[in-house]
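Architecture and fold: a report
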Amino acid sequence: MENNTFFGNQYGVYLQDSKNSTVLKNTFFRNGIWLDEGCGKNLLINNSIEESKFIIGANCWDNIMFQNRVSNGEGISIACCGGNNLVSRNEIVNCSNGIDIYDVQARTVLRDNIIIGCEKGIYLTFVFDSRVYNNTISNGTTGIFLREDCHDNELSNNTITASNESGIYLLDYSADNRIYNNYFNNSINVKAENTKGNIWNTTQSPGTNIVGGPNLGGNFWADPEGTGFSQVSNDSNSDGICDLPFQINGSDFDYLPLARPPFVTGVDLEVTIRIPEPK
């Protein structure tokens, strides 16, 4: 299904128990795409959806949503009981939620998405064993929201800025999630209620971190005023890790918060070689 325009229908494209279908380069206005009940191994690529939503419904496995644009609607939703779906390099703008996943208990990967101006950038409810990385989330209410016993998920290499309420919000016993190498720059970076036992850093190891430092460790904690923990803390040995841990809440710590990399004055290495003109 390629290069079609759908306007104002209840559903633009609705697939049930479909396998190995491709929905490519279509335009949807006030309708969208819905995969339902057992859809698997479908490709949804380069579609544009305005004022509607993109849904992967119940019991759907191994679908790929790649390089789509969803704007001014309800974003991308993934419903219960499926898994191993990939949501990658999509642009989601001014939607109620950017990417919303509910009751998914097998690996789903959300990576390299750009989410702007959505109430919740990425919203996980009762989700296990998913991977959320390399996403850029800005100008929403909450960057990433985990609730209702979300656990054993990995959140890394995400950039979350200018959230009105919090960069990340953990609620309702969401625990044992691994959250590291993220860049937070929000007035409030973390809210956590009825939750503890999340892991806020990986083992320190050589490698370029999200702010260009020489070691991987925890997260970079900034705020718009320039007074965030990572912005003002000392890094006495210049290893890219703050000298002191950062307390997330009463029991959780980022033991290896990332430090601001040292400022390096630019050096002009351009050399102009002039060859004398023959006389």
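Residues numbered from 1 in each chain as written. Predicted model: local features only at pLDDT ≥ 70, side-chain atom pairs only at ≥ 80, totals over all residues. Heavy atoms only, no water.

1. As for the overall build of the protein
Summing up its helical and strand segments, the protein has one helix and 31 strands in all. Its C-alpha atoms give the protein principal-axis dimensions of about 75 × 65 × 30 Å. Here the analysis covers contacts within the protein between residues at least 6 apart in sequence; of these, 31% occur between residues at least 24 apart. As displayed, the protein offers around 13,300 Å² of accessible surface, 49% of which is attributable to carbon and sulfur atoms. Put simply, the protein has 18 plus and 32 minus side-chain charges, and the middle of one group is 6 Å from the middle of the other. (Helix = DSSP H or I, 4+ residues; strand = E, 2+ residues; numbered from the N terminus. Contact = heavy atoms within 4.5 Å. Areas by Shrake-Rupley, 256 points an atom, 1.4 Å probe, with all protein chains shown as cover. Lys, Arg positive; Asp, Glu negative; His and termini not counted. Charge placed at Lys NZ, Arg CZ, Asp CG, Glu CD.)

2. Comments concerning the sheet that holds strand 3 (residues 22-24)
The sheet built from eight strands is open, its strands ordered 3-6-9-12-15-18-21-24 with parallel pairing. The outermost strands of the open sheet, each flanked by one partner alone, are strand 3 and strand 24 (178-180). Between one strand axis and the next, the sheet turns by 5° as a mean value, whatever way the strands run. Note: strand 18 (residues 131-133) against strand 21 (residues 154-156), three bridges, orientation parallel. Bridging across to strand 21, valine 132 finds its partner in leucine 155. (Pairing = 2+ DSSP bridges. Axes fitted to C-alpha atoms, helices over the stretch in contact; angles between N-to-C directions.)

3. Describing the sheet that holds strand 20 (residues 142-147)
If you trace the nine strands from one edge of the open sheet to the other, you get 2-5-8-11-14-17-20-23-26, paired in parallel fashion. Since the sheet does not close on itself, it has two edges, and those belong to strand 2 (13-16) and strand 26 (190-193), each with one partner. Averaged over all neighbouring strand pairs, the angle between strand axes comes to 10°, with direction disregarded. With five bridges joining them, strand 17 (residues 120-125) and strand 20 adopt parallel strand pairing. Along strand 20, the bridge assignment pairs threonine 125 with arginine 147.

4. Looking at the nonpolar core
Ranked by size, the top nonpolar core spans 44 residues in total, and within it Ile33, Ile99, Ile122, Leu124, Ile144 and Ile168 carry the most contacts. If you list the elements that add at least two residues to this core, you get strand 2, strand 5 (33-36), strand 8 (53-56), strand 11 (75-78), strand 14 (97-102), strand 17, strand 20 and strand 23 (166-171). Excluding anything up to four places from it in sequence, isoleucine 144 contacts Ile122, Val132, Ile137, Leu155, Asn158, Ile160, Gly167, Ile168 and Tyr169. Counting six residues, the second-largest nonpolar core is a separate cluster that includes Phe220, Ile241, Leu256 and Leu258. (Core = buried A, V, L, I, M, F, W, Y, C linked by side-chain atoms within 4.5 Å. Buried < 20%, exposed > 50% of the residue type's maximum accessible area, 1.4 Å probe, protein only.)

5. Digging into the packing of aromatic side chains
Summed over all chains, the structure comprises 14 aromatic pairs. Judged by centre distance (5.4 Å) and plane angle (35°), the rings of tyrosine 11 and tyrosine 14 are tilted. Using a relative accessible area of 35% as the deciding quantity, one classes tyrosine 11 as partly exposed. Through pairs of rings, three or more aromatic residues link up here, namely Phe184, Trp200, Trp221, Phe229 and Phe246. One Lys or Arg, lysine 191, reaches over the ring of tyrosine 169 and ends 4.9 Å from the middle of that ring. (Phe/Tyr/Trp six-rings, centres within 6.5 Å; stacked < 30°, edge-to-face > 60°. Lys NZ or Arg CZ within 6 Å of the ring centre and 35° of its normal.)

6. Notes on the pattern of salt bridges
Under the defined criterion, the tally for this structure stands at nine salt bridges. As a salt-bridge pair, glutamate 91 and arginine 69 come within 3.1 Å of each other at their nearest N and O atoms. Of this pair, glutamate 91 sits in strand 13 (residues 91-93) while arginine 69 is found in strand 10 (residues 69-71), placing the two residues 22 residues apart along the sequence. A salt bridge links lysine 120 to glutamate 119; its shortest N-O distance comes to 3.5 Å. Overall, lysine 120 belongs to the buried group, its relative accessible area being 16%. In this structure glutamate 119 comes out as partly exposed when scored by relative accessible area, which is 41%. (Salt bridge = Lys/Arg side-chain N within 4 Å of Asp/Glu carboxyl O.)

7. Regarding the confidence of the model for the protein
Scored by pLDDT, the protein has a mean of 91; 94% of the residues are at 70 or more. Of the regions scoring below 50 in pLDDT, residues 264-279 engages in zero contacts with residues more than four places distant in sequence or in other chains. (pLDDT = per-residue confidence, 0-100.)

8. Details of the pairing of strand 14
Summarising burial for strand 14: five of the six residues are buried, a large majority. In this sheet, strand 14 lies alongside strand 11 in parallel orientation, the contact comprising three bridges. The residue bridging isoleucine 78 from the neighbouring strand is isoleucine 101, located in strand 14. Sheet topology places strand 14 next to strand 17; five bridges connect them, and they run parallel. Paired with aspartate 100 across the bridge in strand 17 is tyrosine 123.

9. Focus: the environment of threonine 22
Looking at the element boundaries, threonine 22 is found in strand 3. Assessed through its relative accessible area of 34%, threonine 22 is described here as partly exposed. Spatially, the C-alpha atom of threonine 22 lies 11 Å from that of asparagine 47, the residues being 25 residues apart in sequence. When sequence neighbours within four positions are dropped, the list of residues in contact with threonine 22 reads Met1 and Leu43.

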